[in-house]
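Working through the structure, step by step
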Amino acid sequence: MAGSQRRIAKELAEITKDTPEGVTANLVDESDVYRWSILMEGPEDSPYAGGQFKLLLTLPVDYPFKPPALKFETKIYHPNVTNDDKGAMCLGILKSEEWKPSSKISAVLRTARSLLAEPNPDDAVETSIAEQFKNDRKEFERVAKEWVTRYASKRA
Amino acid sequence: MSADSEDEFMSGMSSEGGFEDGNESDSVSFGEEFEDDEPALDFGLHDKDITSAPKKPYEVDFDVFGPRDIQKYQDKQIDEVGAILGQPPESTAILLRHARWNKERLIEGYMDHPEDVLEKAGLGLAGAVPAKTMVVDGFVCDICCEDEPGLETYAMKCGHRYCAECYRHYLSQKIREEGEAARIQCPGDGCSRIVDSKTLELLVEDDLKDRYHELLTRTYVDDKDNLKWCPAPNCIYAVECGVKKRDLNRIVPTVRCDCGHYFCFGCTLNDHLPTPCALVKMWLKKCEDDSETANWISANTKECPRCNSTIEKNGGCNHMTCRKCKNEFCWICMGVWSEHGTSWYNCNRYEEKSGSDARDAQAKSRQSLERYLHYYNRYANHEQSAKLDKDIYLKTEKKMTNLQSSSGMSWIEVQFLDTASQALQQCRQTLKWTYAFAYYLARNNLTEIFEDNQKDLEMAVENLSEMFEKPTSELAALKVDMMDKTSYCNKRRIILLSDTAENLKNGSWKFNIDINTA
């Protein structure tokens, strides 16, 4: 086992070469491969379209044996993202029961973006947003769009 | 019983072959009136025939097992089922764990669709590949990206191959840090194949193997409804009891682990006889949350009619001025003070309907609070006294030693002190819970009998408790008296518990809440 650096470098190279749709990934700091800065475009046909979300991906020292952590730095109105300064996203693949050492960061980013396109209200962290998503989709989309304009517009 | 349990277990194994086929109603007399949909999974002989004393209505049958018994029993089941399915032991173990040890369902399912069953348990893609590491030309480990020639690699039957070092690291992390055992999957992304014991044997260091087997035993007990770990700290025993979840409103299955800990098999809390689990849960929640604070507030305070601040009246005068919004109002009718006209300080709106409604609601709330406090104070008092008695219990040993030297009594002859303090502990525990029980009882004749029994036990306990405060020099002379009082306490406890249990079993108690919704 050559330590996690080698594996991380390879994944970073792969992502740069074959970027998942709507996502760009860079190291926060060139000398630290454990912290990735992610820019994610809101998927078309979703209330997040036109928004750009900044995320921080942190890799544990024991990576890839332990899952990475993903955090929204841009505020987002979404049933599966905590509406606090943690901005934690509830993603199955990020849980230690589901994460496998051969799982890839690109898969994490793809899953995260598909959750933007299709929220999963049954596995929500923000129950009131999930309720609204289920029962009053119009109002949910209105608020989500409003938040995009307020927090996630590209110019900001 | 502790010393014999293993022997009994062993003799059960050798003499009776299919001992798990024993009929449940043999071992759990209570279960007779409830239909059973699955056969009991008995460990072995019950000591029912050995003990001569007839069972009390509140007692249940149970057995205590050590880690080795559990391991043996697991192995035996694996052998049996493996022979039927024609699968090697390591695969059978995985299948049984996957089926949560319901072997009838497993065998049935396997006979109908063997491939499905194997696939679901993570054993798909059959094909005999021996468990060994190998070197593969041009191999790159997908986990660490190492591509050095001659790298040792390993894969299970699913073919997801990684370098042996990554495989090892993965397994040890799952076992050591995540406490996983029976359901560790292949490290391949999306592969649900379960890591079998052969792979574990091959790749994991010896010290971790022990931990692995310990965890496997743990999941075995966790998976079985009729087995529970003793909740006492560091206790290694598991208890088997046939009482089912649905029976818990009719019986309080209290068991005694070989470590000496009494607990309820239903909820694993400390012995809470005679109160059924559902009421215990309700009571503890009631005592814990601040619903009673809210009750106090509604009994003792009112809200300012203007700004709704909560106000506690701290003087006799009914002319209230809200500290917050400076609203002046009458405490009795809650009307604006200036409208009281000439009848200041003597509210003449006292009989107004709205005012009397408010007072009724307040009186009711106060009454309910007082009722709760009545039971709670007694409950808490016995809890507290039990703690104090426990302190005395800890000093008992010293007392016993002193008594031996001062009176010339032998160790055996001073055992009565130990017996007495244990009886005291147990009776206080029971008394404590009688108050939670009584809180939920609706008033009728049975309740009166219950309260008489409660009173008798309480008097017996206090009489005995008092004797413990006597100086050591007097204890020798009190021996006979103390032994009498101890046995009287135990007798009163048995009477109370038997009566309560009989009525519970027959569904005779009337509660002031719906016990089934708890």
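In this numbering scheme, every chain counts its residues from 1 along its sequence in written order. By the order in which they are written, chains take letters starting at A while ligands take numbers starting at 1. With pLDDT at 70 or above as the cut-off, local features in this predicted model cover only qualifying residues; side-chain atom pairs require 80 or more to be listed or tallied, and sums for whole chains, interfaces and linings still use all residues. As a rule here, side-chain values cover all heavy atoms of the structure and leave hydrogens and water aside.

Some points on the overall build of chain B
- Where helices and strands are cited, they refer to DSSP runs of H or I of at least four residues and of E of at least two residues respectively, numbered from the N terminus. Helices and strands together make up the secondary structure of chain B, namely 15 helices and 12 strands.
- The rule is simple: take the accessible area with a 1.4 Å probe, protein chains only, and divide by the maximum for that residue type; under 20% is buried, over 50% is exposed, in between is partly exposed. When burial is assessed residue by residue, chain B has 45% of its 518 residues classed as buried.
- When checking whether two residues touch, look at their non-hydrogen atoms; a contact exists if any pair is within 4.5 Å. For chain B, long-range pairs separated by at least 24 residues make up 60% of all intrachain contacts whose partners lie at least 6 apart in sequence.

Regarding the overall build of chain A
- When its secondary structure is counted, chain A shows four helices and four strands.
- Listed by position from the N terminus, the elements making up chain A come as α-β-β-β-β-α-α-α.
- For chain A, buried positions account for 46% of its 156 residues.
- Counted over contacts in chain A with a minimum sequence separation of 6, partners at least 24 positions apart contribute 54%.
- Note on areas: Shrake-Rupley with a 1.4 Å probe; residue coverage comes only from the protein chains shown. Here chain A displays about 7900 Å² of accessible surface, and carbon together with sulfur accounts for 47% of that area.

Let's talk about the state of the cysteines
Residue and element names in this part refer to chain B.
- A pair of cysteine sulfur atoms is labelled a disulfide when the two atoms are within 2.5 Å. Per the stated rule, a full pass over the model turns up zero disulfides over all chains.
- Sulfur of Cys191: no disulfide; nearest cysteine sulfur belongs to Cys186 and is 3.8 Å away.
- Taking the relative accessible area as the measure of exposure, Cys191 reaches 10% and is therefore buried.

Thoughts on the pattern of salt bridges
- Any carboxyl oxygen of Asp or Glu within 4 Å of a side-chain nitrogen of Lys or Arg constitutes a salt bridge here. One pass over the structure, following the stated rule, counts 26 salt bridges over all chains.
- The salt bridge partner of Glu180 of chain B is Lys174 of chain B, with a shortest N-O separation of 3.8 Å.
- Across the pair Arg443 of chain B and Glu451 of chain B runs a salt bridge whose closest N-O atoms are separated by 2.7 Å.
- Each of Glu139, Arg142, Glu146 and Arg150 of chain A takes part in salt bridges that share partners, so that together they form one network.

What to know about the sheet that holds strand β2 (residues 134-135) of chain B
Residue and element names in this part refer to chain B.
- Two strands make a pair as long as DSSP finds a minimum of two bridges between them. Across the sheet, which stays open at both edges, the three strands sit in the order β2-β3-β4 with antiparallel pairing between neighbours. Looking along the sheet, the strands with just one partner apiece sit at the ends: β2 and β4 (162-163).
- Judged from the two bridges that link them, strand β3 (residues 152-154) and β4 form a sheet pairing that is antiparallel. In the strand pairing of β4, Thr153 is matched with Cys163.

Considerations on helix α3 (residues 127-135) of chain A
Residues and elements named next belong to chain A.
- Of all the positions in α3, only Ile129, Ala130, Gln132 and Phe133 are classed as buried. Taken end-on, α3 shows its buried residues confined to a sector of 160°, consistent with a single buried face. Projecting away from the buried face of α3 at angles above 90 degrees are the exposed residues Thr127, Ser128 and Asn135. Each direction from the helix axis to a C-beta atom contributes to the arc, which is the arc of those directions.

Description of the environment of Ala124 of chain A
All names here are of chain A.
- Among the structural elements, Ala124 can be located in the loop between α2 (105-117) and α3.
- Its relative accessible area of 25% is what places Ala124 among the partly exposed residues.
- When the C-alpha positions of Ala124 and Val81 are compared, they lie 7.8 Å apart, and in sequence the two are 43 residues distant.
- Sequence-distant contacts of Ala124, that is, excluding residues within four places in its chain, are made with Pro79, Asn80 and Ala130.

What to know about the interface of chain B and chain A
- Taken together, the 23 residues of chain B in the interface contact 15 residues of chain A.
- Summed over both partners, the accessible surface that disappears when two parts come together, traced with a 1.4 Å probe, is what is meant by buried area. Overall, the association of chain B and chain A removes approximately 1800 Å² of surface from exposure, summing both partners, and the carbon and sulfur fraction of that is 47%.
- The interface formed by chain B and chain A holds four salt bridges in total.
- Examining the composition of the side of chain B that touches chain A, we find that six residues originate from one element, helix α7 (residues 164-176) of chain B, more than from any other.
- Its residues assigned to classes, the side of chain B that touches chain A comprises 10 nonpolar, five polar and eight charged. Classification used: nonpolar for Ala, Val, Leu, Ile, Met, Phe, Trp, Tyr, Cys and Pro, charged for Asp, Glu, Lys and Arg, polar for all others including Gly.

What about the packing of helix α10 (residues 277-288) of chain B against helix α13 (residues 415-439) of chain B?
Residue and element names in this part refer to chain B.
- Packing of α10 against α13 leaves a shortest axis separation of 10 Å and a crossing angle of 90°. Comparing their axes, α13 and α10 come out roughly perpendicular. Packed against α10, whose contacting residues are Leu279, Val280, Trp283, Leu284 and Lys286, the element α13 presents Trp433, Ala436, Phe437 and Tyr439 at the interface.
- Residue composition of the contact of α10 with α13, grouped by class: eight nonpolar, no polar and one charged. Where helices are involved, their axes are fitted lines through C-alpha atoms of the stretch in contact, as for all axes, and angles between N-to-C directions lie from 0 to 180°. Geometric relationships in this document are graded by angle, where less than 35 degrees denotes roughly parallel, more than 145 denotes roughly antiparallel, 65 to 115 denotes roughly perpendicular, and other angles denote oblique.

Points about unusual backbone geometry
- For the peptide bond that leads from Tyr63 of chain A to Pro64 of chain A, omega is 0°, which places it in the cis range.
- Its place among the elements puts Pro64 of chain A in the loop between β3 (52-58) and β4 (69-72).
- Cis geometry is found at the peptide bond from Leu273 of chain B to Pro274 of chain B, where omega equals 0°.
- Note that Pro274 of chain B resides in the loop between β8 (262-264) and α10.
- Although it is not a glycine, Cys145 of chain B sits at a positive phi angle of roughly 65°.
- The topology assignment puts Cys145 of chain B in the loop between β2 and β3.
- Taking relative accessible area as the criterion, Cys145 of chain B reaches 8% and is therefore assigned buried.

Some points on the nonpolar core
- Residues belong to a common nonpolar core when they are buried Ala, Val, Leu, Ile, Met, Phe, Trp, Tyr or Cys residues joined through side-chain atoms within 4.5 Å. Membership of the largest hydrophobic core comes to 47 residues, with the highest contact counts inside it found for Trp283, Leu417, Met482 and Phe511 of chain B.
- Top element by residues in this core is α13 of chain B. It accounts for 12 residues.
- Those residues in contact with Met482 of chain B that sit more than four places away from it in its chain are Phe416, Leu417, Ala420, Leu464, Met467, Phe468 and Leu475 of chain B.
- Counting 40 residues, the second largest nonpolar core, distinct from the first, contains Val33, Leu70, Met89 and Ile129 of chain A.

Description of the confidence of the model for chain A
- pLDDT runs from 0 to 100 and stands for how confident the predictor is about each residue. Confidence in the prediction for chain A averages 87 pLDDT; 97% of positions are at 70 or higher.
- Between the elements of chain A, mean pLDDT differs from a low of 86, seen in helix α1 (residues 3-17) of chain A, to a high of 93, seen in β3 of chain A.

Some remarks on the packing of aromatic side chains
Residue and element names in this part refer to chain B.
- Each Phe, Tyr or Trp ring, with Trp reduced to its six-membered ring, pairs with another whose centre is within 6.5 Å; inter-plane angles below 30 degrees give stacked pairs, above 60 give edge-to-face pairs, and intermediate values give tilted ones. In the structure shown here, the tally under the stated rule is 26 aromatic pairs over all chains.
- Through a chain of ring-to-ring contacts, the aromatic side chains of Trp283, Tyr372, Tyr375, Tyr376, Tyr379, Trp433, Tyr439 and Tyr440 assemble into a single cluster.
- Of note, Arg218 hangs over the ring of Trp229, and the distance from its end group to the ring centre comes to 4.4 Å.
- For a ring to carry a charge above it, either NZ of a lysine or CZ of an arginine must fall within 6 Å of the ring centroid while also lying within 35 degrees of the normal to the ring plane. The ring of Tyr439 has Arg371 lying over it, and the distance from NZ or CZ to the ring centre is 4.8 Å.

Concerning the sheet that holds β4 of chain A
Residue and element names in this part refer to chain A.
- Spatially, the four strands line up as an open sheet ordered β1-β2-β3-β4, and their pairing is antiparallel. Two strands close off the open sheet at either side, each with one partner strand: β1 (23-29) and β4. Averaged over all neighbouring strand pairs, the angle between strand axes comes to 30°, with direction disregarded.
- Alignment of strand β2 (residues 32-41) against β3, held across seven bridges, turns out to be antiparallel.

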